[in-house]
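# Secondary and tertiary structure notes
What follows is the residue order along each chain.
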Amino acid sequence: MSETVSRRSFIATAAAAPLAGTAAFAQSDSKQPAALRGAPPIIISSANGLPATQKAADMIAAGADPLDAVIAGVNIVEADPNDHSVGYGGLPNEDGIVELDSSVMHGPTHKAGAVAALRNIMHPSQVARLVMQRTDHVLIVGEGALRFARAHGFEEINLLTDDARKIWLKWKESHSQDDDWLPPLEPADKDKHSAAPREIQYTYGTIHCSALDANGNIAGVTTTSGLSYKIPGRVGDSPIIGAGLYVDNEIGAAGSTGRGESVIQNAGAFAAVELMRAGTAPTDACLEVLKRIAKHTTDKRLRQDDGRPNFDVKMYALAKDGRFGSASIWSGGQFAVYADGRNRLEDCAALYERK
Ligand code: ASP
């Protein structure tokens, strides 16, 4: 039986015998279908998305389309200078320039829009929505994306905050001993600059957010500054429909954060939605995608000594019937959830226990 059929039959049952309270409506991966007419919306996001899920819930309650709601939600994080993984304040590419990727997908129309390697614009998710609404294209990149944003009146700003610039500069001065960039001398440095390079900190981080409204309509957005210190022009999974985001209004939505190359190679979000279509519960769908990623990680440089991936990916999935879940390769992750009228963080399931 498909998810759609089971939801319809549940609604019929629920109409005859209403449930007692909203608390009964949504549990992560519970067998209890949740999306009922008049029920509160269900919204999931990455762990940095608590303000986003709340904002999206408020907007959906006020009658907004779920796509407008999730975009408004992630806009809060895009504008936050303290989140170094998204929008303004995001960590830059290897040249010190912030390049943003984002995609949006609207379940009711099955339309999508995306931008990649977009510079100087604080809200790439808004530009992605315009690509969906005002062009016949799905993905516009680089200079073309900037010109498209300009044409629509977006203000250009320098996305590199002083804080992000200092983090980048530290990386620039520390990652190689074979170039001419030198870290500042510390008083204890007798051997002037001959010390081993400091540990290189590459940073992943993104916000994904999906919502299901009381009419059973689903939408999602993923937005990011991508992998820190990437090669200019590198595009991650976030703006790739089927990788960092996918929505099928009859089945559900999925998104990802973490090492984008691995998610692209495994069509992560599309795979999660297709697994749900085949009857897999959202958390299990996330775990299955992560298993495929782990299995396909054969490069030594990406594996620990025991063969497991030395990086993390998180998958997020929201089913049409209101079940939801998230899983990460490594334990310890959380995700944001608005359900039963409550906004909170929940633990992700994990493929491997971090020791
Ligand atoms: N998935 C993003 C990318 O690879 C980064 C992240 O989520 O950490 O660009």
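Above this text is the structure in question.
Attention here is on the structure that accompanies the text. (Residues numbered from 1 in each chain as written. Predicted model: local features only at pLDDT ≥ 70, side-chain atom pairs only at ≥ 80, totals over all residues. Heavy atoms only, no water.)

## Quick look at the nonpolar core
The line we're drawing: What makes a nonpolar core is a set of buried Ala, Val, Leu, Ile, Met, Phe, Trp, Tyr and Cys residues whose side-chain atoms join them at distances within 4.5 Å. Throughout this description, buried means an accessible area under 20% of the type-specific maximum (1.4 Å probe, protein chains only), exposed means over 50%, and partly exposed covers the range between. Helix numbering and strand numbering both begin at the N terminus, where a helix is a DSSP run of H or I of at least 4 residues and a strand a DSSP run of E of at least 2.
Counting 45 residues, the largest nonpolar core has Leu290, Ile293, Val313, Phe324 and Ile329 as its most contacted members. Here this core gets seven residues from one element, more than from any other, and that element is helix 9 (residues 282–296). Counting residues in hydrophobic clusters, the runner-up holds 21 residues, among them Ala57, Val70, Val104 and Val221.

## Let's talk about the pairing of strand 9 (residues 313–319)
The following threshold applies: For two strands to count as paired, DSSP must find a minimum of two bridges between them.
By the criterion of burial, strand 9 is predominantly enclosed, with seven of the seven residues buried. Residues of strand 9 alternate between two faces, with Val313, Met315, Ala317 and Ala319 on one and Lys314, Tyr316 and Leu318 on the opposite face, all of them buried. Here strand 8 (residues 252–258) pairs with strand 9 via seven bridges, running antiparallel. By the bridge assignment, Gly258 is partnered in strand 9 with Val313. In the sheet, strand 9 pairs with strand 10 (residues 324–330) via five bridges, with the strands oriented antiparallel.

## Structural notes on the packing of aromatic side chains
Selection criterion: Between rings of Phe, Tyr and Trp, where Trp is taken as its six-membered ring, a pair exists when centres lie within 6.5 Å; planes separated by under 30 degrees are stacked, by over 60 edge-to-face, and by other angles tilted. To sit over a ring, a charge needs its Lys NZ or Arg CZ within 6 Å of the ring centre and within 35 degrees of the ring normal.
Tallying each qualifying case throughout the model produces five aromatic pairs. Between Trp171 and Tyr229, the aromatic rings sit 4.4 Å apart at their centres with planes inclined by 10°, giving stacked as the arrangement. Of this pair, Trp171 sits in helix 6 (residues 162–174) while Tyr229 is found in the loop between strand 6 (218–224) and strand 7 (245–248), placing the two residues 58 residues apart along the sequence. Summarising the burial analysis for this pair, Trp171 and Tyr229 share the class buried. For the ring pair Tyr246 and Phe270, a centre distance of 5.0 Å and an interplane angle of 75° mean the geometry is edge-to-face. Remark: Phe270 occurs in helix 8 (residues 268–277) and Tyr246 occurs in strand 7; sequence separation between them is 24 residues. The class for Tyr246 is buried, based on a relative accessible area of 11%. Taking NZ or CZ as reference, Arg259 lies 5.2 Å from the ring centre of Phe311, over its face.

## Let's talk about helix 8
For helix 8, a buried count of seven out of 10 residues is recorded, marking the element as mostly surrounded by other parts of the structure. Taken as a whole, helix 8 has its buried residues at Gly268, Ala269, Ala271, Ala272, Val273, Leu275 and Met276. Phi turns positive, to about 105°, at Gly279, one or two residues after helix 8.

## Some details on the sheet that holds strand 5 (residues 207–212)
What counts is decided by this rule: Each axis is a line fitted through C-alpha atoms, taken for helices only over the stretch in contact, and angles between the N-to-C directions span 0 to 180 degrees. By definition, residues are in contact when any of their heavy atoms lie within 4.5 Å.
The mixed open sheet is built from eight strands, whose spatial order is 4-3-2-6-5-1-11-12. Since the sheet does not close on itself, it has two edges, and those belong to strand 4 (139–141) and strand 12 (342–347), each with one partner. With direction set aside, neighbouring strand axes in the sheet form an average angle of 10°. The pairing of strand 11 (residues 334–339) with strand 12 spans six bridges and is antiparallel. Along strand 12, the bridge assignment pairs Gln334 with Asp347. Contacts between helix 2 (residues 50–61) and the sheet are confined to strand 1 (42–46), strand 5, strand 11 and strand 12, with strand 1 contributing the most and set at about 155° to the helix.

## So, the sheet that holds strand 9
Taking strand neighbours across the sheet as the criterion, the five strands line up as 7-8-9-10-13 in an open arrangement whose pairing is mixed. A single partner strand is all that each edge strand has here, and the edge strands are strand 7 and strand 13 (349–352). Between one strand and the next, the sheet's axes are offset by a mean angle of 15°, whatever the strand orientation. The strands that helix 8 touches are strand 7, strand 8 and strand 9; relative to strand 8, the one it contacts most, it runs at about 145°. Across the face of the sheet, helix 9 comes into contact with strand 9, strand 10 and strand 13 while running at roughly 25° to strand 10.

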